[in-house]
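Descriptive analysis of the structure
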Amino acid sequence: MKNTKIFKTSFASVYPLYIQKAEKKGRTKAEVDAVIFWLTGYDKQTLQKQISSNIDFETFFSQAPRINSNVSKITGVICGYRVEEIEDELMQKIRYLDKLVDELVKGKAMEKILRK
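This report concerns the structure included in the present document.

Calculation criteria
- Residues numbered from 1 in each chain as written.
- Predicted model: local features only at pLDDT ≥ 70, side-chain atom pairs only at ≥ 80, totals over all residues.
- Heavy atoms only, no water.
- Buried < 20%, exposed > 50% of the residue type's maximum accessible area, 1.4 Å probe, protein only.
- Helix = DSSP H or I, 4+ residues; strand = E, 2+ residues; numbered from the N terminus.
- Arc of directions from axis to C-beta.
- Contact = heavy atoms within 4.5 Å.
- Polar contact = N/O pair within 3.5 Å; in protein donor to acceptor, adjacent residues only side chain to side chain.
- Core = buried A, V, L, I, M, F, W, Y, C linked by side-chain atoms within 4.5 Å.

1. Let's talk about helix H4 (residues 44-52)
All buried positions along H4 are accounted for by Leu47, Gln50 and Ile51. Down the axis of H4, the buried side of the element spans an arc of 100°, and every buried residue falls inside it. Exposed residues lying more than 90 degrees from the buried face of H4 are Gln45, Lys49 and Ser52. Of the surrounding secondary structure, the elements contacted by the buried residues of H4 are helix H2 (11-24), helix H3 (29-40) and helix H5 (57-62). Two to three positions downstream of the cap, the backbone nitrogen of Gln45 sits 3.1 Å from a side-chain oxygen, assigning the N-cap of H4 to Asp43. In the segment just after H4, Asn54 is the residue with positive phi, at about 60°.

Okay, structure coming up:
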């Protein structure tokens, strides 16, 4: 799974797509943000700073305050790969985010998405 192009893709260019995808299914920007906050440790202010800085995914995750200790509880298939088996650490984090947004879009309860 070598797709380093996504590593250099601007997070700010993908963020609105996550929101658009969620809103089409009746979810909200606040819920997308909550998923991102849970996964990365960013808060509203620091997330907005990262978006405004137009950083890439690699930088977005390398500067994340803390990756949630419960990420190992995120399992399943995304883009044809089991997230728990992805060897590249950065790709795995990106796919964790994709998986969480997909769970949101599919109507899963926030408590379950956030592994509470």
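2. Focus on the nonpolar core
Grouped together as the largest cluster of nonpolar side chains are 38 residues, with contacts concentrated most on Phe11, Leu39 and Leu97. Taken together, the elements giving at least two residues each to this core come down to H2, H3, H4, H5, helix H6 (89-105) and helix H7 (110-113). Tallying contributions element by element places H6 first for this core, with nine residues. Not counting chain neighbours up to four residues away, the residues in contact with Leu97 comprise Phe11, Tyr18, Val35, Ile36, Leu39, Phe57 and Phe61.

3. Here's the deal with the environment of Lys108
Note that Lys108 resides in the loop between H6 and H7. A relative accessible area of 32% means that Lys108 is categorised as partly exposed. With residues near it in sequence (within four places) discarded, Lys108 still touches Arg27, Glu103 and Ile113.

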